[in-house]
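This is what each chain is made of:
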Amino acid sequence: MWRLTSRSFMAKRRPVCHKTSSFSTSQALAQNEQSVREITTLLSSHNWLALMESSDVPKKLNPDVIRSVILQNQVGDPKRLLDFFNWSQKKMGTAAHQDLDVLSALAVHLCNSNWYVPANDLIQCIIRNSDSPLAVLGSIVKNYRNCNGSSNSVIFDMLMNSYRKRGLLVEAVNLFLGAKDFELRPSLLSCNSLLGDLLKGNKLELFWKVFDGMCVRKISPDVYTYTNIISAHCKVGNVKDAKRVLLEMGEKGCSPNLVTYNVIIGGLCRAQLLDEAIEIKRSMVDKGLVPDLYTYNILINGFCMGKRSREAKLMLLEMSNMGLNPDPMTYNALIDGFMRQGDIDEAFRIKDEMVAYGIEENLIIWNTLINGVCKAGKMEKALEIMREMNEKGAKLDSQTYSLLIEGYCREQNMARAFELLDEMKKRKIAPTVLTYSVIINGQCRCGNLQGANAILQEMIMNGLKPNAIVYTTLMTAYAKEGRVEESRMILERMRNQGILPDVFCYNSLIIGFCKAKRMEEARTYLMEMLERRLRPNAHTYGAFIEGYSKAGEMDIADRYFNEMLSCGLLPNNGSYRALIEGHCKEGNVSEAFSVFRCILSRGALPDVQTYSELIHGLSRNGKMNEAFGIFSEFQEKGLPPNAFTYNSLISGSCKQGNVDKGFQLLEEMSIKGINPNIVTYNILIDGLCKAGEIERAKNLFEDIEEKGLTPNCVTYAAMIDGYCKSMNATAAFQLLEEMLSRGVSPDAFIYNVILNFCCNEENFEKALDLFQEMLKKGFASTVSFNTLIEGYCKSGKLQEANDLLEEMIQTQFIPNHVTYTSLIEHYCKAGLMGEAKKFWLELQERNVMPTAKAFTSLLHGFHNIRNTSEASALFEQMVAKGIEPDEMTYHVMIDAYCQEGNATEAYKLKDEMLMKDMPMSVAAYVALIQTLCKNDEFSEASKLLNEMGEKGFRPSLPACRVIVQGFQIAGKVDEAAEVLQCMVKFGWVSSSTTSLDDLVDGNQDGEKSEDSENLLKQTA
């Protein structure tokens, strides 16, 4: 710290009494004042140094005396004052005086006399010894003001520039901003220099603070200021504002120079707005400016980066015509451009042209050539280049080896990669962070995480510090293997080492968590990114879109998609595919189409996989016309369909029972040279089996091996399922044996299919043997138990079904709604309502949501034992739970209410059914009419009868008898006669029926009175 007071320069004194101390201090002050006057007088002489050396002045020197001489500045010659300061320091034996005010005063006086070099030396001394730029500024300002307005403000520029040149940009900016409080106005040159260095240091936030400060102080920008501003906008890809500033320059009378145009052309090229860059170049020429080598180099590089190398080559010709000689950078850009486009031969032609032009290959060009052929997988060619380099005496560097190592790592030839690493070390070429980084990446791509960690340790032992790229590679590898916790630990290690994670680092972790369906944890890291002001990119949003789409949470997936678009980010095909697949899985085809049209509206061409995913989704949802429409559009755009595309269409056609269309598509595949895979044959075999064409399915199955394919578990499953459904148990079991003999392990589906078949055949001995085998092999599941329980129930073996439920619970299999529904249904049918209710309570205790079928079974059971109150309460519970009653439920409840004579409640349920477009059954109508007749509501009964006729119902003759008897029993003979006429009108009874007695007595076309009795019992 600065010693700002004279007390800090005074030697320590022994303690004395107060009176003596006071006297000594006064005496010392008087002596100092006398010394200051004497020294000032001597300094007025040209030979001041000789006079002082010959006097006793050196004995009188102390920090207070020197400070007073300089601050009073009565000499008038700042250079002589500086010489005196330096002489006094030598005499006192101090290396450098550290009094801030003294040094500041000297610097200010020297600047005022235009002695800038010694003033700058003092400024450097001040900065070296100060840790507070604002304290320095305060001292300079104080001495500046003491000059009564005659001071030169260059001192402030000098101070700010000194901090800037030392790389202390934050301190320089603080000085610039702090000077505002003292009304100091830096020069435009200093401001431009500071802006330029901030730009180079990528400190854009400070850059804009300085520029805003310039505007506040009304420091008018010049061409260099504007060029810096344009460069700042281009640096962040904001070319729109860069162009705006270029226009603003012209409006304000500031003509852009060649550098300005080069900066904006470079920005446009980096943003791949290449045609706009050419327009700016034309504009520059129109204004009389001639493009230079740098202009053409940035344009050529931009076009090559944009994979427009042919146009870039034309620019090479243009610049040559203008008399500009291309340099190695020009040729390097072209060689790299053609390499990127895969035109390796052209890249080498450019190299040969360069050599013919008299420009020798340098190391950059050699490395570009090696990089290009390595990325193309031509490692032999890379080694040829390496040999040519050796022949021409070119010195291989660490980058050359790193590129070769990366090429072998890309081929997963790690042995050769390590050989090159050893060769590097033998040649005394130290591996760099890049070298180790590519080897770590190679090990990760080979799945050798242990090897990757070993290389990381070697890297650290060699004194190299892993960077964010190395750690991101490891994090990505762990995340891909589902080891997200280890990936998270690497992130923590980075933080502990002071390495700030970048967007790519966070992305690797977010992608890992999204794939592991741990969306909330992924969101945590997204929030952390945003807090650190890191902008999520397309991969960040893509991870969330794919994660939520796979989880079926399409509202959230759509929200991330829309947010991504609002941020100006372009989704990739993976994101589009995930949304299309997700919406199709949810059955929301219109939303899937909306996403697809969004791709087209943005001028992008969906790839084969995206088209195929939409076709797959449409086919799965039965929208075959739309699927074939997209298929036609797909082919019109010249995209080649693949086996997945055709499999989707074949599957959709087979599901709609159009197996022949599936075979037409199979033939079309062959014509187009697309080889059907085992999935194709599996779909067709399954389609034939479901259509009952077992013989055709068998023939196709037998042809599979002739096509060079091997039947898999799915193939056998389709055939076995087909045989079981066609009741061919022998063939099904033969195929099962064949599977085992060929080493194809049956899966749970196959076992469950055969188990279900055995149960349907009531072959429980075989079913139990198979079930025990399933338990041993780990194929048994809740579905298997349910199949066996249902089989027992259907065969009336209720006790066995109950025993199996207990075994199921004991073996840790969890009964579900299907389990309990089967038991409840069959116990109710058997009239065992006590046991059925016990299962019902158990179902609720286990928090299993009952189905409509379970409710209906219980309702039917209670109705059968005439317990309408219990049935009514259960129905209300069903509605309260939000379970939609089905037709059977309504019919049971209508009949139950009719038995009680409660036509009002029965009518309410009838109206509910009509609102839901559910058809009423004849039995329900008959029950309602009977109840209305009992309640003397004959007009309503007649209306219902007409409603039945108008709706096209045709009740049987026994049903007609029941209706007529209802009127007769109530003594309404006339109304009964009208009902008979109505029945004749609707054609329910023969027109030959002339009397009620004929109908009621059963004298109609030989109809048996037994039928009438059955319906009467059913309706009752």
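Note that the structure is predicted; figures quoted are calculated from it, not measured. (Residues numbered from 1 in each chain as written. Predicted model: local features only at pLDDT ≥ 70, side-chain atom pairs only at ≥ 80, totals over all residues. Heavy atoms only, no water.)

Secondary structure assignment for the protein yields 58 helices and 0 strands. Taken over C-alpha atoms, the radius of gyration comes to 47 Å for the protein, far larger than the 31 Å a tight globule of 1020 residues would show. With respect to the principal axes defined by its C-alpha atoms, the protein has extents near 160 × 85 × 65 Å. Looking at the 1020 residues of the protein, the share that counts as buried comes to 48%. As presented, the protein carries roughly 49,900 Å² of accessible surface, and 50% of it is formed by carbon and sulfur atoms. (Helix = DSSP H or I, 4+ residues; strand = E, 2+ residues; numbered from the N terminus. Rg over C-alpha atoms; globule rule 2.2 N^0.38 Å. Buried < 20%, exposed > 50% of the residue type's maximum accessible area, 1.4 Å probe, protein only. Areas by Shrake-Rupley, 256 points an atom, 1.4 Å probe, with all protein chains shown as cover.)

Inspection of the entire model under this criterion finds 0 disulfides. Residue Cys269 stays outside any disulfide, its sulfur separated by 10 Å from that of Cys234, the closest cysteine. The structure places no disulfide on Cys793, whose sulfur is separated from the nearest cysteine sulfur, that of Cys759, by 11 Å. For Cys793, a relative accessible area of 4% corresponds to the buried category. (Disulfide = S-S within 2.5 Å.)

Further remarks concern the packing of helix 19 (residues 328-340) against helix 21 (residues 363-375). With their axes 9 Å apart at the nearest point, helix 19 and helix 21 run at an angle of 0° to one another. Taken as axis vectors, helix 19 and helix 21 run roughly parallel relative to one another. For the pair formed by helix 19 and helix 21, the contact residues are Pro328, Tyr331, Asn332, Ile335, Asp336 and Met339 on the first element and Ile364, Ile365, Thr368, Leu369, Gly372 and Val373 on the second. The residue inventory of the contact of helix 19 with helix 21, partitioned by class, reads 8 nonpolar, 3 polar and 1 charged. (Axes fitted to C-alpha atoms, helices over the stretch in contact; angles between N-to-C directions. Parallel < 35°, antiparallel > 145°, perpendicular 65-115°, else oblique. Contact = heavy atoms within 4.5 Å. Nonpolar A, V, L, I, M, F, W, Y, C, P; charged D, E, K, R; others polar.)

Looking now at the nonpolar core. Residues Phe84, Ile510 and Ile720 are the most contacted members of the largest nonpolar core, which totals 324 residues. Per-element accounting of this core gives the leading share, 9 residues, to helix 6 (residues 100-112). Here Phe84 is in contact with Ile39, Leu43, Trp48, Met52, Leu61, Ile66 and Val69, once residues within four sequence places are set aside. (Core = buried A, V, L, I, M, F, W, Y, C linked by side-chain atoms within 4.5 Å.)

So, about the pattern of salt bridges. Counted under the stated rule, the structure contains 51 salt bridges. Salt-bridge contacts for Arg483 lead to Glu481; the nearest nitrogen and oxygen are separated by 3.4 Å. For Arg483, a relative accessible area of 31% gives the class partly exposed. We classify Glu481 as partly exposed; its relative accessible area is 44%. Connected through salt bridges with shared partners, the residues Arg310, Lys313, Asp343, Glu346 and Arg349 form a single ionic network. (Salt bridge = Lys/Arg side-chain N within 4 Å of Asp/Glu carboxyl O.)

This part is about the side chain of Ser402. Of note, Ser402 is situated in helix 23 (residues 398-410). We classify Ser402 as buried; its relative accessible area is 1%. Apart from residues no more than four positions distant in its own chain, Ser402 is found in contact with Thr432, Leu434, Thr435 and Val438.

A few words now on the environment of Ile127. Considering the arrangement of structural elements, one finds Ile127 in helix 7 (residues 116-128). Separated by 782 residues in the primary sequence, Ile127 and Leu909 have C-alpha atoms spaced 93 Å apart. Aside from chain neighbours lying at most four places away, what touches Ile127 is Leu159, Ser162, Tyr163, Arg166 and Leu168.

Along the polypeptide, Asn752 turns up in helix 43 (residues 748-760). Other than its neighbours up to four places away in sequence, Asn752 contacts Met774, Ser781, Val783 and Ser784.

What follows concerns the packing of helix 7 against helix 9 (residues 154-165). Orientation of helix 7 relative to helix 9, taken along the N-to-C sense of each, is 50°, at an axis distance of 10 Å. It follows that helix 7 is oblique to helix 9 by the angle criterion. When you trace helix 7 past helix 9, the crossing you get is right-handed. Listed contacts from helix 9 to Tyr116, Ala119, Asn120, Ile123, Gln124 and Ile127 of helix 7 are Val154, Ile155, Met158, Leu159, Ser162 and Tyr163. Here the residues of the contact of helix 7 with helix 9 are counted per class, giving 9 nonpolar, 3 polar and no charged. (Left-handed = near helix turned anticlockwise from the far one by under 90°.)

Summarising the model, the protein shows a mean pLDDT of 83, and 92% of its residues fall at 70 or more. Every residue in residues 1-21 is under pLDDT 50, and counting partners more than four places away or in other chains gives 23 contacts. Every residue in residues 1004-1020 scores below 50 in pLDDT, and together they form 29 contacts with partners more than four places removed in sequence or on other chains. (pLDDT = per-residue confidence, 0-100.)

Considering the arrangement of structural elements, one finds Cys567 in the loop between helix 32 (554-566) and helix 33 (573-585). Setting aside residues no more than four positions away along its own chain, Cys567 makes contact with Arg535 and Tyr541.

Okay, unusual backbone geometry next. Even without a glycine there, the phi angle at Lys307 is positive, about 60°. For Lys307, the location among the structural elements is in the loop between helix 17 (293-305) and helix 18 (309-321). Positive phi values are uncommon outside glycine, yet Gln812 reaches one of about 70°. Within the secondary structure layout, Gln812 lies in the loop between helix 46 (798-810) and helix 47 (817-829).

What follows covers the packing of aromatic side chains. What the rule picks out here adds up to 21 aromatic pairs. Seen in terms of ring centroids, Phe785 and Phe813 are 5.0 Å apart; in terms of plane orientation they differ by 50°. Their pairing is tilted. With Phe785 in helix 45 (residues 782-794) and Phe813 in the loop between helix 46 and helix 47, this residue pair connects regions lying 28 residues apart in the sequence. Through successive ring pairs, a cluster of aromatic residues spans Phe596, Tyr611, Phe631, Phe634 and Tyr646. Over the face of the ring belonging to Phe176 we find Arg217, whose NZ or CZ atom lies 4.4 Å from the ring centre. The side chain of Lys661 reaches across the aromatic face of Phe628, ending 5.0 Å from its centre. (Phe/Tyr/Trp six-rings, centres within 6.5 Å; stacked < 30°, edge-to-face > 60°. Lys NZ or Arg CZ within 6 Å of the ring centre and 35° of its normal.)

Before going further, it helps to spend a moment on the environment of Leu526. Structurally, the position occupied by Leu526 is in helix 30 (residues 519-531). Taking C-alpha positions, Leu526 is 53 Å from Ala107, a pair spaced 419 residues apart along the chain. Dropping the residues within four chain positions of it, Leu526 is found in contact with Ile510, Pro536, Thr540, Phe544 and Tyr560.

The next thing to look at is helix 37 (residues 643-655). Along its 13 residues, helix 37 runs 18 Å from first to last C-alpha, staying within 8% of the 18 Å computed at 1.5 Å per residue. Counting buried residues along helix 37, 11 of its 13 residues qualify, which places the element largely inside the surrounding structure. By the burial criterion, the buried members of helix 37 are Ala643, Thr645, Tyr646, Asn647, Ser648, Leu649, Ile650, Ser651, Gly652, Ser653 and Cys654. Elements that come into contact with the buried residues of helix 37 comprise helix 35 (608-620), helix 36 (624-636), helix 38 (659-671) and helix 39 (678-690). Sitting at the amino-terminal end of helix 37 is Asn642, which places a side-chain oxygen 3.1 Å from the backbone nitrogen of Phe644. Phi for Gly657, located one or two positions after helix 37, is positive at around 80°. (Expected span 1.5 Å × (residues − 1). Polar contact = N/O pair within 3.5 Å; in protein donor to acceptor, adjacent residues only side chain to side chain.)

Moving on, we get to a negative patch on the surface. On the surface, Glu520, Glu553, Asp555 and Glu591 cluster together into a negatively charged patch. Along the chain, Glu591 falls in helix 34 (residues 589-601). Relative accessible area serves as the criterion here: at 32%, Glu591 is assigned to the partly exposed category. (Patch = residues over 30% accessible without salt bridge, like charges linked within 9 Å, V, L, I, M, F, W, Y side chains within 5 Å. Lys, Arg positive; Asp, Glu negative; His and termini not counted. Charge placed at Lys NZ, Arg CZ, Asp CG, Glu CD.)

The terminal C-alpha atoms of helix 36 lie 18 Å apart, and with 13 residues this matches the ideal 18 Å at 1.5 Å per residue to within 8%. As for helix 36, its buried residues are in contact with helix 34, helix 35, helix 37 and helix 38. Positive phi appears at Gly638, one or two residues downstream of helix 36, with a value of about 80°.

Below, the discussion takes up a positive patch on the surface. Taken together, the side chains of Arg445, Lys480, Lys515, Lys517 and Lys550 make up a positively charged region of the molecular surface. Overall, the relative accessible area of 62% leaves Lys517 in the exposed class.

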